[in-house]
Amino acid sequence: MNPYVLVILLSSLGLGTTLTFASSHWLLAWMGLEINTLAIIPLMAQQHHPRAVEATIKYFLTQATAAAMILFAATTNAWMMGEWDINNLSHPLASTLVIAALALKIGWAPVHFWLPEVLQGLDLLTGLILSTWQKLAPFALIIQVAPTIDPYLLSSLGLLSTLVGGWGGLNHRQLRKILAYSSIAHMGWMLIVLQFAPQLTLLALGTYIFMTTTAFLSFKVSTATKINTLSMTWTKTPTLMDITTLAMLSLGGLPPLTGFMPKCVILQELTKQELPLTATIMALRALLSLYFYLRLCYAMALTISPTTTNSPLPWRTPNTQSTLTLALTSTIALGLLPITPAILALVT
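Described in the following lines is the structure provided in the data block. (Residues numbered from 1 in each chain as written. Predicted model: local features only at pLDDT ≥ 70, side-chain atom pairs only at ≥ 80, totals over all residues. Heavy atoms only, no water.)

1. Some remarks on the overall build of the chain
When its secondary structure is counted, the chain shows 17 helices and 0 strands. On C-alpha atoms alone, the chain measures out to a radius of gyration of 21 Å, which is about the 20 Å that the 2.2 N^0.38 rule sets for 348 residues. Expressed as lengths along the three principal axes of its C-alpha atoms, the size of the chain is roughly 75 × 50 × 35 Å. Counting across all 348 residues of the chain, residues that qualify as buried make up 50%. Sequence separation of at least 24 residues holds for 78% of the intrachain contacts in the chain that already meet a minimum separation of 6. Working note: accessible area of the chain is about 15,900 Å², and carbon and sulfur atoms make up 69% of it. Looking at charge distribution, the chain has the averaged site of its 15 positive side-chain charges lying 17 Å from that of its 10 negative ones. (Helix = DSSP H or I, 4+ residues; strand = E, 2+ residues; numbered from the N terminus. Rg over C-alpha atoms; globule rule 2.2 N^0.38 Å. Buried < 20%, exposed > 50% of the residue type's maximum accessible area, 1.4 Å probe, protein only. Contact = heavy atoms within 4.5 Å. Areas by Shrake-Rupley, 256 points an atom, 1.4 Å probe, with all protein chains shown as cover. Lys, Arg positive; Asp, Glu negative; His and termini not counted. Charge placed at Lys NZ, Arg CZ, Asp CG, Glu CD.)

2. A word on the packing of helix H8 (residues 151-168) against helix H15 (residues 276-301)
Where H8 meets H15, the axes come as close as 8 Å, and the angle between the chain directions of the two elements is 20°. The orientation of H8 relative to H15 falls into the category roughly parallel. The element H8 and its partner H15 pack so that their crossing is left-handed. Residues Leu159, Leu160, Thr162, Leu163, Gly165, Gly166 and Trp167 of H8 form the contact with H15, whose participating residues are Thr278, Ile281, Met282, Arg285, Leu288, Ser289 and Phe292. The residue makeup of the contact of H8 with H15, split by class, is 8 nonpolar, 5 polar and 1 charged. (Axes fitted to C-alpha atoms, helices over the stretch in contact; angles between N-to-C directions. Parallel < 35°, antiparallel > 145°, perpendicular 65-115°, else oblique. Left-handed = near helix turned anticlockwise from the far one by under 90°. Nonpolar A, V, L, I, M, F, W, Y, C, P; charged D, E, K, R; others polar.)

3. Regarding the pattern of salt bridges
Evaluation of the coordinates by the stated rule reveals 3 salt bridges. A salt bridge links Lys58 to Glu54, with the nearest nitrogen and oxygen atoms 2.9 Å apart. In this pair, Lys58 and Glu54 both sit in helix H3 (residues 50-81), 4 residues apart, roughly one turn of the helix. Take Lys58: its relative accessible area is 30%, and that puts it in the partly exposed class. Assessed through its relative accessible area of 37%, Glu54 is described here as partly exposed. Between Lys272 and Glu269 there is a salt bridge, with its nearest N and O atoms 3.8 Å apart. Of this pair, Lys272 and Glu269 both sit in helix H14 (residues 260-272), separated by 3 residues, roughly a single helical turn. (Salt bridge = Lys/Arg side-chain N within 4 Å of Asp/Glu carboxyl O.)

4. Some points on a nonpolar patch on the surface
Residues Leu38, Val53, Ile57, Phe60 and Leu61 make up a contiguous nonpolar surface patch of about 460 Å² in total accessible area. Examined against the element boundaries, Ile57 turns out to sit in helix H3. A relative accessible area of 47% means that Ile57 is categorised as partly exposed. (Patch = residues over 30% accessible without salt bridge, like charges linked within 9 Å, V, L, I, M, F, W, Y side chains within 5 Å.)

5. A look at H15
Here H15 contains 26 residues, and its C-alpha end-to-end distance of 36 Å stays within 8% of the 38 Å for a straight helix at 1.5 Å per residue. Turning to H15, its buried residues are Thr278, Ala279, Met282, Ala286, Ser289, Leu290, Phe292, Tyr293, Leu296, Cys297, Ala299 and Met300. Considering only its buried residues, H15 is in contact with H8, helix H9 (175-192), helix H11 (227-230), helix H12 (233-236), helix H13 (238-252) and H14. (Expected span 1.5 Å × (residues − 1).)

From the geometry alone we can't say anything about function, so treat these as descriptive.
This is the structure in C-alpha cells:
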C-alpha cells in the first residue's frame, strides 16, 4: 500500500476514535464510529485475497447494521425525550437498542458470530488493529451509557461472553480464531464489572490491549497462523518462544504475570458487591480459556515438530522485522503484577 495512503488511513482511525472520545452528542459519536469503520476497510481488503475481501464485506455489513441501530436509538431518544446528549439516554427502547448495537460493534455474545470469521480472513497486523484499537470508541460510549442500562442485562451479557469465549476456542486450530474467542472472553470480564467500578473496566481493557498486542506480534514475527506451526518455533527463535508462552499464560490470567491482576481485582470487586455466585462462575469460566492457552503453550514448548528424514532443518533467511514494539509490549504484558497497588492507586 502507498505509504501516503497508509498514513491517511491510520490518521483517520485516530481521528474517528478521538472524535467519539470527545463527543457528548450522539451524532458526533456516530460520525466518529463511521470514520473508524471506513478507515479500516481499505486496510482489511489490501491483500486482494478472497478471504480478505469476504472478511471485509462481513465486517462492513455488521458495522453498518450497528451504526444504523445507534442512529435509530439516538433519534428515538431525541423524539421521545428531547435529548441528544449521550449521558441523558433515558428512554428504555433507546438504551436497549444502544447496548445491542455496541455489543454488535465490539463482538459480545450472543452477537459475536462475525468476529472469529472476520479475524480469520485478515493478516495479523490488521487483526491486531481490529482486536484492540477498534474497541476503544465503542467502549467509550458504553462507559457513558452504562448507568442507564439494566444491570441484569449487563451481567447476563458479561457471563454469556465469558462462556462463549472460553467454550468457542476449545476446538480450534487456527490462531486468529483462538485470539478472537479470547477477545470475546476478555470483553465479558470487562462488562461484568462495568456497573460497579468502571475504572476496573479500563484497567482490564488496558492490560488486554498489551497482552493481545504481544500475542499478535509474536505470531507475526514467527509467521505462525496454526497450532501445528508453533511446534517449530523453538528451533527458530527460542527466546521468542519463551515470550510467547508467557504471553499466553498471562492472557489466561496466571500469576505472577500481568494478566492475573485484572481478573483478581474484578473478582474482589464482585465479592465486595455481595455477588459470590457471579464471582465463582467467572472464575470457573476462566478455566475454559486457560485450557486453550495451555494448548498453545504445549505446542510451543513441549512438542517437537515431526520429521520424516534425518536431514537438517531447511535453510531460512534471517528475520528482518522490527521487534522493538514487541519488546515493549511483552515487558508490560508480563511484569506489571508487582506494582499492582500503585496501578490501583492511580485508577481508583
